[in-house]
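For reference, the chains in residue letters:
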Amino acid sequence: MSPRKIRLSTTPTQGALDDLQLGDIVYLDGLMYTAREGVYKRALEEKANIPMELPRDSAANFHCSPAARINPDGSFEMGAVTATASFRFAKWLPEWMEKSGAKLIIGKGGMTSKDYKSFFVPNGAIYLSTVGYGTGALLGRGVEKVEAVHWNEELGLAQAMWVIKCNNMGPFIVASDKNGDCLFERENAKIAENLHRVYEGTRPATLKRYGETDDRSDEVI
């Protein structure tokens, strides 16, 4: 069965979020902002005023370091938008969600169901993951324009808060749902359940002293 393909606003209704299912493919329209540790520390620890009206302007936080620059005339250029691993920012997300009203957290690799149930579900938020590697240029095609860049002088271009207007930006995959279930944990469980089949009919390990094994319980993945 093919996954559903969904166009979603970056200021989604709660109903639209609740309708998302694990594995759905999502394309985004509207304003999105990048925010990672630099923005979180400045807004949450240093108590700086967030330079956007959130979540009115956007409820979509992209964990990303865009390949972009600010030209001498003040205009912007942006090519690839490559996601970074979100688990590194988990300690800031509960407070950030409460402060910003973020409903879509977008990044690479997902987080655990424990995280999803602890602070995504209470905030009605969903995690969207990039699909595979090397998709930065593909996602960049969905950037219609850069609306603004905030805190670039304080944080540098990689950590700055880029405000991006998206048009059919994706694909992203729904990695958590309204119940806090985790797509990657679900699929990993399916793989683990059948992993023993890989070893069926194999010869006994002959290089055990070098770490070779034919016991699936010894396998490291």
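Coordinates for the structure precede this section.
Bear in mind the structure is a predicted one, so any value in this text is a computation, not a measurement.

Asks: Would you mind showing me how to read the nonpolar core here?
Replies: If you look at soluble globular proteins, the nonpolar side chains tend to sit buried side by side. By size, the foremost hydrophobic cluster in this structure holds 35 residues, and its most contacted members are Tyr33, Tyr40, Trp96, Met111 and Phe120. Secondary-structure elements contributing two or more residues to this core are strand S2 (25–34), helix H2 (37–45), helix H3 (93–100), helix H4 (113–120) and strand S9 (161–174). No other element matches H2, which puts four residues into this core. Once residues lying within four places of it in the same chain are set aside, the contact partners of Phe120 are Leu93, Met97, Ile105, Met111, Asp115, Ala125, Ile126, Tyr127 and Ser176.

Asks: I keep staring at the pairing of strand S6 (residues 104–107) and nothing clicks. Help me out?
Replies: For a regular strand, the rule is simple: side chains alternate between the two faces of the sheet. Here S6 shows a buried face lined by Leu104 and Ile106 and a second buried face lined by Ile105 and Gly107. Relative to strand S7 (residues 126–130), S6 is paired through four bridges, and the arrangement is parallel. Counted as the bridge partner of Gly107 is Ser129 from S7. Once the chain exits S6 it traverses H4 before rejoining the sheet at S7, and the crossover so formed is right-handed.

Asks: Can you help me understand unusual backbone geometry in this one?
Replies: For residues that are not glycine, phi is negative in most cases, and the peptide bond is trans in most cases. A cis amide bond, omega 5 degrees, links Leu54 with the succeeding residue Pro55. Unlike most non-glycine residues, Lys47 shows phi in positive territory, near 60 degrees. Mapped onto the fold, Lys47 is located in the loop between H2 and strand S3 (60–62).

Asks: Help me understand the side chain of Thr34 in this model?
Replies: In this fold, Thr34 is placed in strand S2. Here the side chain of Thr34 touches Ala160 through a polar contact of 3.1 Å, landing on its backbone oxygen. Setting aside residues up to four positions removed in sequence, Thr34 forms contacts with Val39, Asn61, Phe62, Cys64, Ala160, Met161, Trp162 and Ile164.

Asks: I tried to follow the pairing of S2 on my own but got confused; where do I start?
Replies: Of all ten residues that make up S2, seven are buried, and the element is covered over most of its length. Here strand S1 (residues 5–9) pairs with S2 via five bridges, running parallel. When the sheet's bridge partners are listed, Arg7 is paired in S2 with Tyr27. Bridging between S2 and S9 involves seven bridges; their strand directions are antiparallel.

Asks: Looking at this structure, how should I read the pattern of salt bridges?
Replies: Two side chains with opposite charge may pair up if their charged atoms get near one another. Within this structure, the stated rule accounts for 13 salt bridges. For Glu95, the salt bridge identified is with Lys47, shortest N-O distance 3.8 Å. Pair noted here: Glu95 is in helix H3 and Lys47 is in the loop between H2 and S3, with a separation of 48 residues, a long-range link. With a closest N to O distance of 2.8 Å, Arg186 and Glu187 form a salt bridge. Put simply, Arg4, Asp19 and Asp24 are held in one network by salt bridges that share partners.

Asks: How do you make sense of H4 when you look at a structure like this?
Replies: The α-helix winds at 3.6 residues per turn, so residues separated by three or four positions along the chain end up facing the same way. Listed as buried for H4 are Ser113, Asp115, Tyr116, Phe119 and Phe120. In a view along the axis of H4, the buried residues occupy a sector of 165 degrees, so they form one face of it. On its buried face, H4 is in contact with H3, S6, S7 and helix H7 (183–193).

Asks: In this structure, what is going on with the packing of aromatic side chains? I would like to understand it.
Replies: Remark: the centre distance and the inter-plane angle together describe each pair of aromatic rings, the angle taken between the planes. Tallied over the entire structure, the rule returns ten aromatic pairs. For the ring pair Phe76 and Trp162, a centre distance of 6.2 Å and an interplane angle of 75 degrees mean the geometry is edge-to-face. Placement of the pair is Phe76 in strand S5 (residues 76–83) and Trp162 in strand S9, with a sequence separation of 86 residues. Residue Phe76 is classed as partly exposed on the basis of its relative accessible area of 28%. The class of Trp162 is buried, set by a relative accessible area of 0%.

Asks: Please clarify how the environment of Cys182 should be interpreted in this entry.
Replies: With respect to the helices, strands and loops of the structure, Cys182 is situated in the loop between S9 and H7. Not counting chain neighbours up to four residues away, the residues in contact with Cys182 comprise Leu22, Met111, Ser113, Tyr116 and Ala175.

Rules and cut-offs
Residues numbered from 1 in each chain as written. Predicted model: local features only at pLDDT ≥ 70, side-chain atom pairs only at ≥ 80, totals over all residues. Heavy atoms only, no water. Core = buried A, V, L, I, M, F, W, Y, C linked by side-chain atoms within 4.5 Å. Buried < 20%, exposed > 50% of the residue type's maximum accessible area, 1.4 Å probe, protein only. Helix = DSSP H or I, 4+ residues; strand = E, 2+ residues; numbered from the N terminus. Contact = heavy atoms within 4.5 Å. Pairing = 2+ DSSP bridges. Right-handed = clockwise from strand over helix to strand, strands pointing away. Polar contact = N/O pair within 3.5 Å; in protein donor to acceptor, adjacent residues only side chain to side chain. Salt bridge = Lys/Arg side-chain N within 4 Å of Asp/Glu carboxyl O. Arc of directions from axis to C-beta. Phe/Tyr/Trp six-rings, centres within 6.5 Å; stacked < 30°, edge-to-face > 60°.

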